[in-house]
Amino acid sequence: MSINAVSLFLFGSSWAGVAMQSLAMLVVLAWLILHFRNSDNWRELALMPLRAPLIRWSCVLGLSWLVWNLISSQANPTTAGRPPAFIGGYLWWAIAPWTASVFMNAWTAQSAGEKAVWTSRFGRLLLWTSVIVCLIALSQWFWGWKIHGTKIIESEPRARVLFSHPLSLAYIVLLYTPLALFFLLHRERRRVAMIGTAACGVLLFTSASRTVQVVSMLFATVWCLFFLRGKMRVALIATGLVGVSVLALTENPVRARFQNTIGQIEDRQQDKYADDRLAFWAAHWEMFKERPVMGHGNSYTQEYLSPYYARIGLADFEKKYQAHNMFLQVLVNTGIVGALIWSTRLLMLFFAASKLLRRKLPGERSFGWAGLATVFAVLLAGITQNAFQDSAVRFHWAILEGLLLWKAVSQGKKSSKFILAANKESTP
C-alpha cells in the first residue's frame, strides 16, 4: 500500500460523501499500521512529529477537547448512558497534525521520480474529480435532485453533490478557495490552481450559500487588491464588477435568495424573531446558561432541544435545529472550558501561518497567506453555520489544518535529509 496510492484515494474519496470519507479514514489507519510495522525504527517515525511544539501542543489540545467533550456528555444525566458515538469523527480532527506529519514525512522521503509520478496522477485526478463533481452540481442546480439512501429523489435546486446538505458542500469549497487563488500566483502550480479555482467558482454558485458567497467575494476582493498587480488586477476587478452587476440587475436564483433574505421571506417560520437563525441562537443561549462550565456534551438528540425552544416561546416551532453558529455550538456542547481549549487549538493555526509568512520562499509565504485567509474565512462564515460540527466539513478541515502545521514546522532540505534517514527502513 504505497503512500501515493493512499493519498490519491484520500483526495478522491473526500468528495464522495461521508461514507467514503469514513472508508478513507480506515484506509489511512491501515496505512499507518503497515508503515510502522514495516519499519525497524517505528518509534522514531511516530515520535518525530511530536518534537515540534506546534504539532505536539495541537494534538494535546485536540485530545484534551475530545476528552472534555466525553466528560461533558457523561456528566449530563440525560446522556450519561449513551455510547459516545461522536469520538471517531472528532478523533480524526484531534490527531490530524500528527497524522498529516507522519504522512507527509513519508511522502517527502520518496525519490524525485516517485514524486513526479504522483504530481502527474494528482493533476489528472483533480481534473476528472472537478469535472464530475461540477457536472453533478450543475445537474442538481438545474433539476433539483439528491441521493437518499439508495434512491434518487426530488429536492431543492441546489448543489450538494454526494453530501447530505448543500451547506456541507459550500463550506468544504470555502476551505479550498484561498489555497486555489494563492497557487494561481505561482507559474509551476498555475494549471492545477486554475482547475481548482474554476471548480470552486462553479460549486460556490450552485450550492447557493449566501454566507459563503459573501465571504468568498470579500476574500476575492482583498486578494485582487493586495496580491495582484498590473493588468491582471484590473481585468479581474472589472470582471468581478460585471459579474456582480449582472447578478444584481437580472432575474436569477442568487438575486432572488438575497432579496428573500432582506425581505424576511425565506428562513422564517415564526413571527418572534426576524430570522429563524436568531431563534436557534436564543434557544441555545438558554442551553448555555443552564450548563455554562461543563456544557451539555455531544450525545444528545434533536428532541433534547424542545424544552429550550419552549422557554423562548417557540414550543410549536417546526425547525428545532442546532445552533447554526459553530462558536455558540462549541459553548453549548463543551462549556467555557471546552471553548477555551478549542480556541487555543485554533491559535496554533495563526502561529503556523505567521511562521510561514516570515520565510523568504514565495511558495511558503503563499501557503501562509492561504492558511491565514482560510482560517479567517471559516471563522467569519461559521457565525451562521455549524461548520466545525459538520463531519463532512471537518474531514477536510482536519486535512488542511494538518498540512498547514506540518508545513510550518518543516525546515526545507535539512528536514528532508533527516526524514529520509528516519524512513530508510520503512516501506512507503
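Rules of the game
- Residues numbered from 1 in each chain as written.
- Predicted model: local features only at pLDDT ≥ 70, side-chain atom pairs only at ≥ 80, totals over all residues.
- Heavy atoms only, no water.
- Helix = DSSP H or I, 4+ residues; strand = E, 2+ residues; numbered from the N terminus.
- Rg over C-alpha atoms; globule rule 2.2 N^0.38 Å.
- Buried < 20%, exposed > 50% of the residue type's maximum accessible area, 1.4 Å probe, protein only.
- Contact = heavy atoms within 4.5 Å.
- Areas by Shrake-Rupley, 256 points an atom, 1.4 Å probe, with all protein chains shown as cover.
- Lys, Arg positive; Asp, Glu negative; His and termini not counted.
- Charge placed at Lys NZ, Arg CZ, Asp CG, Glu CD.
- Pairing = 2+ DSSP bridges.
- Phe/Tyr/Trp six-rings, centres within 6.5 Å; stacked < 30°, edge-to-face > 60°.
- Lys NZ or Arg CZ within 6 Å of the ring centre and 35° of its normal.
- Polar contact = N/O pair within 3.5 Å; in protein donor to acceptor, adjacent residues only side chain to side chain.
- Salt bridge = Lys/Arg side-chain N within 4 Å of Asp/Glu carboxyl O.
- Axes fitted to C-alpha atoms, helices over the stretch in contact; angles between N-to-C directions.
- Parallel < 35°, antiparallel > 145°, perpendicular 65-115°, else oblique.
- Left-handed = near helix turned anticlockwise from the far one by under 90°.
- Nonpolar A, V, L, I, M, F, W, Y, C, P; charged D, E, K, R; others polar.
- Core = buried A, V, L, I, M, F, W, Y, C linked by side-chain atoms within 4.5 Å.

## Looking at the overall build of the chain
Line of reasoning, step 1. Broken down by element type, the chain carries 18 helices and two strands.
Line of reasoning, step 2. Relative to the globule expectation of 22 Å for 428 residues, the C-alpha radius of gyration of the chain, 22 Å, shows essentially globular dimensions.
Line of reasoning, step 3. Oriented by its inertia axes, the alpha-carbon framework of the chain measures out at about 65 × 60 × 45 Å.
Line of reasoning, step 4. Relative to its 428 residues, the chain shows a buried fraction of 51%.
Line of reasoning, step 5. Look at the contacts in the chain between residues 6 or more apart in sequence, and 74% of them connect residues 24 or more apart.
Line of reasoning, step 6. Roughly 20800 Å² of accessible area belongs to the chain as shown, and the carbon and sulfur atoms make up 68% of that amount.
Line of reasoning, step 7. Charged side chains of the chain number 42 positive and 21 negative; the gap between the two group centres comes to 13 Å.

## Details of the environment of I136
Line of reasoning, step 1. As for its position among the elements, I136 is in helix α7 (residues 112–143).
Line of reasoning, step 2. For the pair I136 and L400, spaced 264 residues apart in the sequence, the C-alpha separation amounts to 24 Å.

## Concerning the pairing of strand β2 (residues 151–154)
Line of reasoning, step 1. In the sheet, strand β1 (residues 145–148) pairs with β2 via four bridges, with the strands oriented antiparallel. Its bridge partner being in β2, W145 is matched across the sheet by E154.
Line of reasoning, step 2. Hairpin connection, β1 to β2: the antiparallel pair is bridged by two residues, and G149 has positive phi, about 70 degrees.

## So, the packing of aromatic side chains
Line of reasoning, step 1. Applying the stated criterion across every chain yields a total of 29 aromatic pairs.
Line of reasoning, step 2. Aromatic ring contacts, followed pair by pair, group W65, F86, Y90, W93, F327, W342, F388 and W397 into a single cluster.
Line of reasoning, step 3. One cation-aromatic arrangement involves R394 over F388; the distance from NZ or CZ to the ring centre is 5.9 Å.

## A word on the side chain of S14
Line of reasoning, step 1. Along the chain, S14 turns up in the loop between α1 (3–13) and α2 (18–37).
Line of reasoning, step 2. What makes S14 buried here is its relative accessible area of 2%.
Line of reasoning, step 3. At a separation of 2.6 Å, a polar atom in the side chain of S14 contacts the main-chain carbonyl oxygen of F11.
Line of reasoning, step 4. In contact with S14, other than residues within four places in its own chain, are Q21, F163, F395 and H396.

## Here's the deal with the pattern of salt bridges
Line of reasoning, step 1. Inspection of the entire model under this criterion finds eight salt bridges.
Line of reasoning, step 2. Close ionic contact of E44 with R51 constitutes a salt bridge, the shortest N to O distance being 2.9 Å.
Line of reasoning, step 3. Here R311 makes a salt bridge to E290, at a shortest N to O gap of 2.7 Å. A residue pair is termed long-range when its members are at least 10 positions apart, and R311 in helix α14 (residues 306–311) and E290 in helix α13 (residues 276–290) qualify at 21 residues.
Line of reasoning, step 4. Exposure remark for R311: the relative accessible area of 47% places this residue in the partly exposed category.
Line of reasoning, step 5. The network of salt bridges with shared partners includes E156, R158 and R160.

## Some words on the packing of helix α15 (residues 326–357) against helix α16 (residues 362–381)
Line of reasoning, step 1. For the pair α15 and α16, the least separation of the axes is 9 Å and the interaxial angle reads 160 degrees. Regarding the angle of α15 to α16, the classification is roughly antiparallel. The hand of the α15/α16 crossing is left-handed. Only E364, R365, F367, G368, W369, L372, V375, F376, V378 and L379 of α16 make contact with α15, whose side of the interface consists of M326, F327, L346, L349, F350, A353, L356 and L357.
Line of reasoning, step 2. Each residue belonging to the contact of α15 with α16 can be placed in one class, and the counts come to 15 nonpolar, one polar and two charged.

## What to know about the nonpolar core
Line of reasoning, step 1. Core analysis: the largest hydrophobic core is formed by 100 residues, its most contacted members being W15, L203, W342 and W397.
Line of reasoning, step 2. The biggest single contributor to this core is helix α8 (residues 166–183), with 13 residues.
Line of reasoning, step 3. Not counting chain neighbours up to four residues away, the residues in contact with W15 comprise T129, V133, V161, F163, L169, I172, V173, Y176, L203 and H396.
Line of reasoning, step 4. In this structure, A282, Y300, F317 and V332 belong to the second largest nonpolar core, which totals 18 residues.

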